[in-house]
Amino acid sequence: MSAAVGAERPQVVSHVQQALSYTVFDCKWVPRSARLLCLGSAARGTGLIQLYELHGARLELLREIEKPKPIKCGTFGATSLQQRYLATGDFDGNLNIWNLEAPEIPVYSVKGHKEIINSIDGVGGLGIGEGAPEIVTGSRDGTVKVWDPRQNDTPVANMEPVQGESKRDCWTVAFGNAYNQEERVVCAGYDNGDIKLFDLKTMSLRWETNIKNGVCSVEFDRKDINMNKLVATSLEGKFHVFDMRTQHPTKGFASVSEKAQKSTIWQVRHLPQNRDVFMTSGGSGSLHLWKYEYPAQRSKKDSEGCEMGVAGSVSLLQNVTLSTQPISSLDWSPDKKGLCVCGAFDQTVRVLIVTKLNKI
């Protein structure tokens, strides 16, 4: 691991801090706006959605929406830029889609899982990814389900443990490979270190591996291109970058791993404007900014003439400690390079500005 050159290193600047009166589980930028959302759980056990607008160096609360169950996760990914509907997963296993202009009743609602929805992702909207506007949910009940909001009540795909296999808590899900109308994959990470890649075109398990520690977050560097890279973060402070371009029949995908810190890496988020830069958030209240460097050749032939991938390397661009509590959620602005929001268990949401990203 090499550090970036001093003078040109990006800086992570805390621009605004906003204290919250509840536990925040997820934060999201509202696309094409200076607005952001905080999703979480109020002290009395209800769910909260707060909509803020960034005005210079302060956040103005525009709206607070209370719901019956604590909200764990959200995504804008499955709806158009015109609609910008928010899909959420809650502690009771419900998937709801909200029109934030009229949030009293969901525009779509389904009891998706028997237990808490830990993770949600959307694709096919916001100009991200081809194909149907789909949402994937991963739950403590061990299942991963894909939903098309145009179809009532039943998932279009349901990935669950095969008979006799023990149920594992699914902590994280992500879409990828959605570069045309036919192709699409879902990656899921579980509490026992399993990572599974489901091919939605063939409805089959395409690849699986185990990173020996609970998988907290997975994300492709881009959803709307041929699978390129996948980052998986773990409970024990390590993350793995898989080169997804070349799948070897027995060895799978080449990868490089990095020990970022001693505590859990809760999240990974790739910079929307540069897919080789990503940020990880940690249990120690820190953020680490990384850059992936490709090898001279991304694939080579093994002794039997099969193509196998070659992993690159990862360098640390910057790190900063913002909180004494874990930073559990993180989201880059899709519109303004270097603008970022994170939520931590110190009940604070922070808007950050990362400088010099055009220099790397």
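Residues numbered from 1 in each chain as written. Predicted model: local features only at pLDDT ≥ 70, side-chain atom pairs only at ≥ 80, totals over all residues. Heavy atoms only, no water.

Participant: Can you help me understand the sheet that holds strand β27 (residues 313-321) in this one?
Facilitator: Hydrogen bonding along the main chain pairs the strands of a sheet, whether they run parallel or antiparallel. Read across the open sheet, the four strands follow the order β22-β23-β24-β27; overall the sheet is antiparallel. Each edge of the open sheet is held by one strand with a lone partner, namely β22 (265-271) and β27. Averaged over neighbouring strand pairs, the angle between their axes works out to 25° when direction is ignored. With six bridges connecting them, β22 and strand β23 (residues 274-282) associate as antiparallel partners. Pairing of Ile-265 across the sheet is with Gly-282, part of β23. (Pairing = 2+ DSSP bridges. Helix = DSSP H or I, 4+ residues; strand = E, 2+ residues; numbered from the N terminus. Axes fitted to C-alpha atoms, helices over the stretch in contact; angles between N-to-C directions.)

Participant: Whenever I open this one, the UniProt feature "repeat: WD" (unreviewed entry) in the chain confuses me. Can you help?
Facilitator: UniProt records the feature "repeat: WD" (unreviewed entry) at residues 135-157, using the numbering of this structure. With 0% helix and 43% strand, residues 135-157 has end C-alpha atoms that lie 10 Å from one another. (UniProt positions renumbered as here; feature names shortened; annotations may be inferred.)

Participant: How should the nonpolar core be read in this particular structure?
Facilitator: With 18 residues, the main nonpolar core has Met-279, Leu-287, Leu-289 and Trp-332 as its most contacted residues. Sorting the residues of this core by element identifies β23, β24 (286-293), β27, β28 (327-332), β29 (339-344) and β30 (348-354) as the ones contributing at least two each. Setting aside chain neighbours within four positions, we find Met-279 in contact with Gln-267, Val-268, Arg-269, Leu-287, His-288, Leu-289, Leu-330, Trp-332, Cys-340 and Val-354. In terms of nonpolar packing, the next biggest core, distinct from the first, is built from 17 residues, Val-24, Cys-27, Cys-38 and Val-341 among them. (Core = buried A, V, L, I, M, F, W, Y, C linked by side-chain atoms within 4.5 Å. Buried < 20%, exposed > 50% of the residue type's maximum accessible area, 1.4 Å probe, protein only. Contact = heavy atoms within 4.5 Å.)

Participant: How should the environment of Asn-226 be read in this particular structure?
Facilitator: With respect to the helices and strands, Asn-226 occurs in the loop between β18 (215-220) and β19 (229-234). Expressed as a C-alpha distance, the spacing of Asn-226 and Ile-105, which sit 121 residues apart in the sequence, is 37 Å. With residues up to four places along the chain from it excluded, the contact list for Asn-226 reads Asn-177, Tyr-179 and Arg-245. A polar contact of 3.4 Å, which involves the side chain of Asn-226, links it to the side chain of Tyr-179. (Polar contact = N/O pair within 3.5 Å; in protein donor to acceptor, adjacent residues only side chain to side chain.)

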